[in-house]
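Residue strings, one per chain:
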Amino acid sequence: MSAPSRDLPARYLDAVARLFPATRRDWGAAMQAELATLTRPSERWRFALGCTRAALLPSREARVAWLPFAVAITAAVVAIGEYALATAIGQTVPLLLVLALLAWRGRRPGYFGPVRPDRTARVVRASGYALIGFYLVALIAADGGGLLQPTQANWGPVFAIMLTLLAALFLALTARGTRFGSIGLGAGSIAGVVAGVATFAVMPFEHGETSLAHGLPWNGQWLWLIVLAAPTGAALFTGKRSRRADHGAMAATLAVTFGVLLVALLGFAAILLFRGSLEAPPLMPGASAADKLAEQEIGASDGYGGMLTFGFMLAAILWVMLRPVRARTTFVLLALLAVPPAALGFAVRESALWGTVLTFAAAGLTLAAASSILAATGVTRRSDAAGATP
Amino acid sequence: MPRTRRPSPQTASVLRALFADPATWRYGYELGREVGLKAGSLYPILIRLTERELLEARWEEHSGESAGRPPRHLYRLTGAGRELAGQLAPAPAEARTREGRAQRALRSA
């Protein structure tokens with residue numbers, strides 16, 4: 001019995017075959033030829049319908065071209081979803097969902113996981129989880145459960161960004177795909193903690209005149225030497241042990257990134273925990289207590305907000321250094337460098353025109369610089385995955 | 001640095017099936033039936049494997065044109081594909097079958 005060639009499944013598959021891009025036309029013809037060998041109508045329908053998925057498979061070129069849009073759309077959907085959820089059920093639940101999603105991704109093969117099978121990577125990853133857990137508890141405790149209530153603004157969004165960033169960084173650092181060895185990871189992490197704690201102790205606390213190191217000899221100014229020595233030491237130690245200068249540079253960047261993020265986290269936590277010690281801002285007479293508290297918190301967080309922005313930019317650079325060189329990932333990460341100036345531009349858009357223009361120009365220049373780095377390092381060439389499998 | 005991502009179980013089963021007789025050219029539909037994959041899963045795998053040069057494809061020469069059928073597509077592993085398939089551990093069921101066969105052979109010997 002010869003196969004019916006022009007029945008409905010055949011016509012359907014003819015239409016599907018026209019959906020294939022030019023580079024895959026042969027595949028449509030191959031499917032039509034296979035269909036011609038099938039005789040049972042149910043089998044023919046199943047085969048023809050199944051081929052639809054193959055026709056809709058995006059090509060490599062399309063995937064590369066769409067990736068920045070997909071990232072932007074995903075980020076927008078997540079942001080809108082988080083905002084909607086925060087309005088409905090408070091901010092803690094969306095944050096916990098994001099962290100749980102990241103933790104899950106950390107166990108799956110890919111950018112964030114699984115963890116590299118050595119002790120240093122495991123310890124660094126476990127420390128990251130512990131640190132995030134500590135700040136979550138501190139945040140919820142300090143806010144008195146306010147974050148669990150709808151429409152509470154407070155510090156939720158800031159902490160959500162910081163903790164998500166920190167979790168992603170810890171996972172990327174310790175995943176199997178990282179180029180960074182255990183020596184640099186350990187040295188950079190320890191140096192980062194030392195430098196971060198020293199910086200937090202010596203910098204003016206809560207936007208005031210004094211620092212935590214005020215009572216130490218020379219008001220603790222010698223701590224700045226530790227702040228400088230820790231990343232330098234990590235770089236020299238890693239460079240010497242691994243005999244790779246680039247790993248030394250990565251260890252120093254890691255130390256500075258960790259240090260900066262640690263200062264920001266400690267600062268925000270301190271503001272939450274010690275609200276009573278904040279300096280009273282100069283406000284108009286008759287301002288309410290809530291206005292005073294809000295103004296105190298905004299004033300006290302300025303320095304730590306700057307640290308957070310700096311840490312965010314460093315983290316983008318660190319990710320580019322740590323991961324195998326791939327054009328699309330590198331571009332997305334370097335493009336993140338333009339986010340802080342652009343955000344600042346939006347924040348000041350209603351102030352002086354020149355300030356706004358300059359800030360947006362800074363964002364443009366940052367993007368241009370990122371593109372130059374991309375071109376200079378040669379990562380615009382597509383690094384084909386010779387050993388990759390679908 | 002090349003990416004060494006582990007293939008999905010479905011892709012691994014296709015690679016194993018082709019590796020069982022690497023010199024033979026195979027038809028897509030029969031290959032799908034052998035590994036238990038429908039067209040919607042099989043063809044994306046074949047397309048990706050071909051685009052990554054792990055699989056080669058050609059049109060059959062002695063086609064069923066005389067029977068009113070167009071020539072069909074044939075597939076087999078490339079050198080890189082064989083290398084990758086050779087690194088894959090046998091599927092658990094397959095391993096058990098092989099083990100069973102070996103034990104039966106020992107008993108009958």
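Note that this is a predicted model, so its numbers are computed, not measured.

Here we look at the overall build of chain A
For chain A, the helix and strand inventory stands at 14 helices and zero strands. Taken from N to C terminus, the helices and strands of chain A fall in the order α-α-α-α-α-α-α-α-α-α-α-α-α-α. For chain A, long-range pairs separated by at least 24 residues make up 72% of all intrachain contacts whose partners lie at least 6 apart in sequence.

Digging into the pairing of strand β3 (residues 73-77) of chain B
All names here are of chain B. With four of five residues buried, β3 is to be regarded as a mostly interior element. The sheet contact formed by strand β1 (residues 26-27) and β3 spans two bridges and is antiparallel. Opposite R26, over in β3, you have Y75 as the bridge partner. As judged from the five bridges shared by strand β2 (residues 55-59) and β3, these two strands associate in the antiparallel manner. Bridged to W59 within β3 is H73.

What to know about the confidence of the model for chain B
When pLDDT is averaged across chain B, the result is 79; 71% of the residues are at 70 or more. Overall fold confidence (pTM) sits at 0.52, and the ipTM for the predicted complex is 0.79.

Overview of the packing of helix α1 (residues 8-17) of chain A against helix α3 (residues 41-55) of chain A
All names here are of chain A. Closest axis-to-axis distance for the α1/α3 pair is 9 Å, and the angle between their directions is 10°. Regarding the angle of α1 to α3, the classification is roughly parallel. Across the interface between the two elements, L8, P9, A10, Y12, L13 and V16 of α1 pack against R44, W45, F47, A48, L49, C51, T52 and A55 of α3. Across the contact of α1 with α3, the residue classes break down as 12 nonpolar, one polar and one charged.

Criteria and thresholds
- Residues numbered from 1 in each chain as written.
- Chains lettered and ligands numbered in written order.
- Predicted model: local features only at pLDDT ≥ 70, side-chain atom pairs only at ≥ 80, totals over all residues.
- Heavy atoms only, no water.
- Helix = DSSP H or I, 4+ residues; strand = E, 2+ residues; numbered from the N terminus.
- Contact = heavy atoms within 4.5 Å.
- Buried < 20%, exposed > 50% of the residue type's maximum accessible area, 1.4 Å probe, protein only.
- Pairing = 2+ DSSP bridges.
- pLDDT = per-residue confidence, 0-100.
- Axes fitted to C-alpha atoms, helices over the stretch in contact; angles between N-to-C directions.
- Parallel < 35°, antiparallel > 145°, perpendicular 65-115°, else oblique.
- Nonpolar A, V, L, I, M, F, W, Y, C, P; charged D, E, K, R; others polar.

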